[in-house]
Amino acid sequence: MHGVTPAIAAGTVLIVFAASVLRGLTGFGFSLAAVPMLAVLMPPAQAVPVAICIVAVGGIFGARRAMTACHWPSIRQIAFAAAAATPAGVFLLKHIPSEAARMAIALFTIAAVVGITRAGAGGKPFGKMRAIAYGLVAGLFNGLASMPGPPVVAYFMSSSLSREAIRASMLIVFQITVFTGLASTVALGLVTRDTLVLAALSLPGFWTGNWAGARLFEFGSEHAYRRIAILCLIAMAFVSAA
């Protein structure tokens, strides 16, 4: 993309705000919602770095508050594996055709729906090896489409953790993986002046949307939290597939 037009800037700000409300409410879903829609305005190799830059800067404040409620044993296992696999995903992002990247983004969103609906609530946290396997897949998703969400959400939502711990843990994992993705995209030359301009313009909307989503979360229940998360992902799957 050469230059940021007013239409692209306005569209990016609106998309970021809508996706950040979902993130504030559920603790996940920003890239799942934002990247497919941003990829309509720009190539995926531009949309993914924009999403990464926004979360890397804008998500720091929410992550600090989540540190007291998260489940650190699970975070250490899955986040380490995701960070290790992210550079491979970024390499694929740079070298595969835009059409293939768009198709991959759509399939990843659908995979999130299938994975979460099949993962029943109330189970025990997975063992170390399974956490690492989920983390490796999350890292590939993170680098290729800025979407570590599908395996991470399925991992935490199939555990016996409370909705507060699930939401906080996912926020921390995603904040860790986003910095790995940022380093990889910078190293491969995918972060441009246009990327930084769009990210900077979108930050106020990102913070406002997260605040609104967090307020909605305070009024919900365990059952409502899981139901809303699944319904949102189903809607995103249809949008991205279309």
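Look up: the structure comes first, before these words.
Residues numbered from 1 in each chain as written. Predicted model: local features only at pLDDT ≥ 70, side-chain atom pairs only at ≥ 80, totals over all residues. Heavy atoms only, no water.

With respect to the overall build of the protein chain
In step 1: Tallying secondary structure elements over the protein chain gives eleven helices and zero strands in all.
In step 2: Burial statistics for the protein chain: of 242 residues in total, 53% are counted as buried.
In step 3: Taken as a whole, the protein chain presents about 10,400 Å² of accessible surface, with 72% of it coming from carbon and sulfur. (Helix = DSSP H or I, 4+ residues; strand = E, 2+ residues; numbered from the N terminus. Buried < 20%, exposed > 50% of the residue type's maximum accessible area, 1.4 Å probe, protein only. Areas by Shrake-Rupley, 256 points an atom, 1.4 Å probe, with all protein chains shown as cover.)

Looking at the nonpolar core
Inside soluble globular proteins, nonpolar side chains tend to come together where they are buried.
In step 1: Ranked by size, the top nonpolar core spans 64 residues in total, and within it Phe30, Ile54, Val152, Phe156 and Met170 carry the most contacts.
In step 2: Leave out the neighbours within four places in its chain, and Phe156 touches Ser74, Ile75, Ile78, Leu161, Ile166, Ser169, Met170 and Val173. (Core = buried A, V, L, I, M, F, W, Y, C linked by side-chain atoms within 4.5 Å. Contact = heavy atoms within 4.5 Å.)

Quick notes on the layout of surface pockets
In step 1: Its boundaries defined by the atoms lining it, the largest pocket holds a volume of some 450 Å³.
In step 2: For the largest pocket, the lining is made up of 21 residues, of which Gly62, Arg65, Arg167, Leu171 and Ala214 are closest to its centre.
In step 3: Those elements giving two or more residues to the lining of the largest pocket turn out to be helix H1 (6–26), helix H4 (60–66), helix H9 (163–187) and helix H10 (193–218).
In step 4: Among the elements that take part in the lining of the largest pocket, H10 stands out by supplying eight residues, more than any other.
In step 5: Each residue belonging to the lining of the largest pocket can be placed in one class, and the counts come to ten nonpolar, five polar and six charged. (1 Å grid on protein atoms, 1.4 Å probe; cavity = no way out; pocket = protein on both sides within 12 Å on 5 of 7 lines; lining within 4 Å. Points joined across faces, edges and corners; volume = space filled by probe spheres on them. Nonpolar A, V, L, I, M, F, W, Y, C, P; charged D, E, K, R; others polar.)

Thoughts on the pattern of salt bridges
In step 1: According to the stated counting rule, one finds three salt bridges in the structure shown.
In step 2: Of the charged contacts, one joins Asp194 and Arg193 as a salt bridge, the two residues approaching to 4.0 Å between their closest N and O atoms.
In step 3: On the basis of relative accessibility, which here comes to 63%, the residue Arg193 falls in the exposed class.
In step 4: Of the charged contacts in the structure, one is a salt bridge between Arg215 and Glu218, with a shortest N-O distance of 2.8 Å. Of this pair, Arg215 and Glu218 are both found in helix H10, three residues apart, which corresponds to roughly one turn of the helix. (Salt bridge = Lys/Arg side-chain N within 4 Å of Asp/Glu carboxyl O.)

Let's talk about empty space enclosed by the protein
In step 1: Under the counting rule described, the total for this entry stands at one cavity of 30 Å³ or more.
In step 2: What the largest cavity holds in volume is close to 180 Å³.
In step 3: Lining the largest cavity are 16 residues, and of these Phe30, Ser31, Ser146, Pro148 and Phe174 lie nearest its centre.
In step 4: Sorting the residues of the lining of the largest cavity by element identifies helix H2 (30–41) and H9 as the ones contributing at least two each.
In step 5: Looking at side-chain class alone, the lining of the largest cavity contains eight nonpolar, seven polar and one charged residues.

A few points about H10
In step 1: For H10, built from 26 residues, the straight-helix expectation of 38 Å at 1.5 Å per residue is met to within 8% by its first-to-last C-alpha distance of 38 Å.
In step 2: Of all the bends in H10, the greatest reaches close to 40° and is centred on Ser202; the proline Pro204 follows between one and four positions later. (Expected span 1.5 Å × (residues − 1). Bend = angle between axes of the 7 residues up to and from the residue.)

Points about the side chain of Thr177
In step 1: Relative to the assigned elements, Thr177 resides in helix H9.
In step 2: A distance of 3.1 Å separates a polar side-chain atom of Thr177 from the backbone oxygen of Phe174.
In step 3: Excluding its chain neighbours within four sequence positions, the residues that come into contact with Thr177 are Ala82, Asn142 and Pro148. (Polar contact = N/O pair within 3.5 Å; in protein donor to acceptor, adjacent residues only side chain to side chain.)

Quick look at the packing of H2 against helix H3 (residues 44–58)
In step 1: Packing of H2 against H3 leaves a shortest axis separation of 9 Å and a crossing angle of 145°. Crossing of H2 over H3 shows right-handed handedness. Along the contact surface, H2 presents Phe30, Ser31, Val35, Leu38 and Ala39, while H3 presents Pro44, Ala47, Val48, Val50, Ala51, Ile54 and Val55.
In step 2: Per-class residue counts for the contact of H2 with H3 are eleven nonpolar, one polar and no charged. (Axes fitted to C-alpha atoms, helices over the stretch in contact; angles between N-to-C directions. Left-handed = near helix turned anticlockwise from the far one by under 90°.)

Nothing here speaks to function; it is all geometry.
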